[in-house]
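One-letter residues, chain by chain:
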Amino acid sequence: MAQVKFINVEKVYDGNVLAATDINLTIEDRELLVLVGPSGCGKSTVLRMVAGLEEATSGEILFDGKIVKDLPPKDRNIAMVFQNYALYPHMSVYDNMAFGLKLRKYSKDEIKTRVVETAELLGIGHLLKRKPKALSGGQRQRVALGRSIVRKPSVFLFDEPLSNLDAKMRVQMRIEIRKLNLDIKTTMIYVTHDQVEAMTLGDRLAVMNEGRILQVGTPLELYNRPAVRFVGAFLGSPAMNFIEAELSPENGEMLKTGFTSFPVPERFMAAVNDHTGTSLTIGARPEDIYIAPPEGAKNSCHGVNAVIEVTEPLGNEIIFHLKIGGQSIVAREPGDRKGEPGGNVEAYIDLARLHLFERETGIALPSS
Ligand code: ADP
């Protein structure tokens, strides 16, 4: 059991590479927190500092309120799971899982109990006598996980553990890891650049970019209320549409875009008061743009002329790539919605669900 806390942590490599800065974050006991962001944003650095493999340049990391600066990695009681799960090829699954416990001089009985229990938990109980080469990628990954679990660490650190697996196996292992977290209730910090993995796994996500944590929250909080444009753009697929707009006071406050003027949505009324004349960016998720608005959304929709460029029928849904006033816009509709490439349609943008960001800073305007 452990709570992990970062206070003003910064990491500078070689005196000039600022890999992480202003890291203030608390990972609660038993929580699964996902650190997500593009490659090079500093995720692994943050994780490696928890492990003690890198030392923070400044700031403090605490486990259960105690500063861990002088604690070497082996005394931190953490387990790290990487994408390259180096199993010993000449050892059976059992021996691979037992290895760390033998080193720590656990009794034979204790080792057996822990290995068998863990193997059952991971669904590899029938594979204990096999060698790694006789296992599939997913099974090997489970053994690697099992090897960490048997030690009963207080914190699990995962560094992109699934990136070597094929798409189907990734989805399966993702669910396994989530189940594992619910079963063994140990603090887990999970690093990935994959936003779907992040959304589906995390109790909370911390979205990072350029060494900074931009926002921390539950997957839905971040998806529905991105604090900055980067978070809005990073989470969700197809990605959020962005439309440049000026805030101009004609017939009330209007958002003037290259192709139409929208009335300012009700929930932004208070916020726009001190933004008159400001350049903004409208964010509209593909599912909030309709070819045919559902009954409940009709009143809040604003219609514009659009041309269908391409459609992507996925069965359960269909993605429309539209051209609206010269701009490419993506809409997502239920799978049975009809529309032919080249066709003219009215596209409806749901004003009640728009996001507004200051263009210069990318910061979201507050909404009620
Ligand atoms: P991520 O895990 O998000 O891909 P990293 O934490 O690995 O990002 O890297 C963050 C930044 O720090 C990158 O610019 C990377 O090149 C740099 N970096 C990482 N490790 C080292 C190192 N050992 N020495 C120098 N620079 C490093």
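None of the values given here were measured: they were computed from a predicted structure.

Rules used in this analysis
Residues numbered from 1 in each chain as written. Predicted model: local features only at pLDDT ≥ 70, side-chain atom pairs only at ≥ 80, totals over all residues. Heavy atoms only, no water. Core = buried A, V, L, I, M, F, W, Y, C linked by side-chain atoms within 4.5 Å. Buried < 20%, exposed > 50% of the residue type's maximum accessible area, 1.4 Å probe, protein only. Contact = heavy atoms within 4.5 Å. Near = heavy atom within 4 Å. Polar contact = N/O pair within 3.5 Å; in protein donor to acceptor, adjacent residues only side chain to side chain. Areas by Shrake-Rupley, 256 points an atom, 1.4 Å probe, with all protein chains shown as cover. Helix = DSSP H or I, 4+ residues; strand = E, 2+ residues; numbered from the N terminus. Pairing = 2+ DSSP bridges. Phe/Tyr/Trp six-rings, centres within 6.5 Å; stacked < 30°, edge-to-face > 60°. Lys NZ or Arg CZ within 6 Å of the ring centre and 35° of its normal. Expected span 1.5 Å × (residues − 1). Arc of directions from axis to C-beta. Axes fitted to C-alpha atoms, helices over the stretch in contact; angles between N-to-C directions. Parallel < 35°, antiparallel > 145°, perpendicular 65-115°, else oblique. Left-handed = near helix turned anticlockwise from the far one by under 90°. Nonpolar A, V, L, I, M, F, W, Y, C, P; charged D, E, K, R; others polar.

**Student:** Break down the nonpolar core for me, with residues and values.
**Tutor:** Counting residues in each nonpolar core, the largest one holds 44 residues, and the members touching the most others are Val34, Met97, Leu145, Phe158, Tyr190 and Leu235. Those residues in contact with Tyr190 that sit more than four places away from it in its chain are Leu32, Leu33, Val34, Leu35, Phe158, Pro161, Leu162, Ile177, Glu197 and Leu201.

**Student:** Give me the lowdown on the site of the ligand, citing residues and values where you can.
**Tutor:** Around the ligand sit Tyr13, Asp14, Val17, Ala19, Pro38, Ser39, Gly40, Cys41, Gly42, Lys43, Ser44 and Thr45, and those are all the residues in its vicinity. Residue Gly42 places a main-chain N or O atom 3.0 Å away from an oxygen atom belonging to the ligand. Contact with the protein chains covers 61% of the free accessible surface of the ligand, which is 560 Å². No other element matches the three residues that helix H1 (residues 43-51) contributes to the shell around the ligand.

**Student:** Hey, could you go over the pairing of strand S12 (residues 253-256) for me, with residue numbers and the actual values?
**Tutor:** Bridging between strand S11 (residues 241-249) and S12 involves four bridges; their strand directions are antiparallel. Note that in S12 the partner of Pro249 across the bridge is Glu253. Pairing geometry for S12 and strand S13 (residues 261-263), over three bridges, is antiparallel. Note that in S13 the partner of Met254 across the bridge is Pro263. If you look at the hairpin formed by S12 and S13, you'll find four residues sitting between the two strands.

**Student:** Requested: an account of the packing of aromatic side chains, with residues and values cited.
**Tutor:** Applying the stated criterion across every chain yields a total of five aromatic pairs. Between Phe158 and Tyr190, the aromatic rings sit 5.4 Å apart at their centres with planes inclined by 35°, giving tilted as the arrangement. Of this pair, Phe158 sits in strand S7 (residues 155-159) while Tyr190 sits in strand S8 (residues 187-192), and the two are 32 residues apart along the sequence. The pair formed by Phe158 and Tyr190 is uniform in burial state, with each residue classed as buried. Put simply, the rings of Phe156, Phe158 and Tyr190 pair up and form one aromatic cluster. The ring of Phe242 carries Arg229 above its face, with NZ or CZ at 4.1 Å from the centroid.

**Student:** Mind laying out helix H5 (residues 167-184), listing which residues take part and the relevant values?
**Tutor:** In a regular helix each residue adds 1.5 Å, so 18 residues correspond to 26 Å; H5 covers 26 Å between its end C-alpha atoms and thus fits that length. Three or more residues of H5 are buried, namely Met169, Met173, Arg174, Glu176, Ile177, Leu180 and Asn181. One face of H5 carries all of its buried residues, which in axial projection span an arc of 165°. Residues of H5 that are exposed and angled more than 90 degrees away from the buried face: Ala167, Lys168, Leu182 and Asp183. Residues of H5 that are buried sit in contact with strand S3 (32-36), helix H3 (108-121), helix H4 (137-149), S7, S8 and helix H6 (195-201). Of the residues one or two after H5, Lys185 is the one with positive phi, at around 45°.

**Student:** Outline the packing of helix H2 (residues 93-103) against H4, listing residues and values.
**Tutor:** Closest axis-to-axis distance for the H2/H4 pair is 7 Å, and the angle between their directions is 30°. Classified by the angle their axes make, H2 and H4 are roughly parallel. The hand of the H2/H4 crossing is right-handed. Taking contact as the criterion, the partners of Val93, Asn96 and Met97 in H2 are, on H4, Val143, Gly146 and Arg147. Of the residues contributing to the contact of H2 with H4, the split by class is three nonpolar, two polar and one charged.

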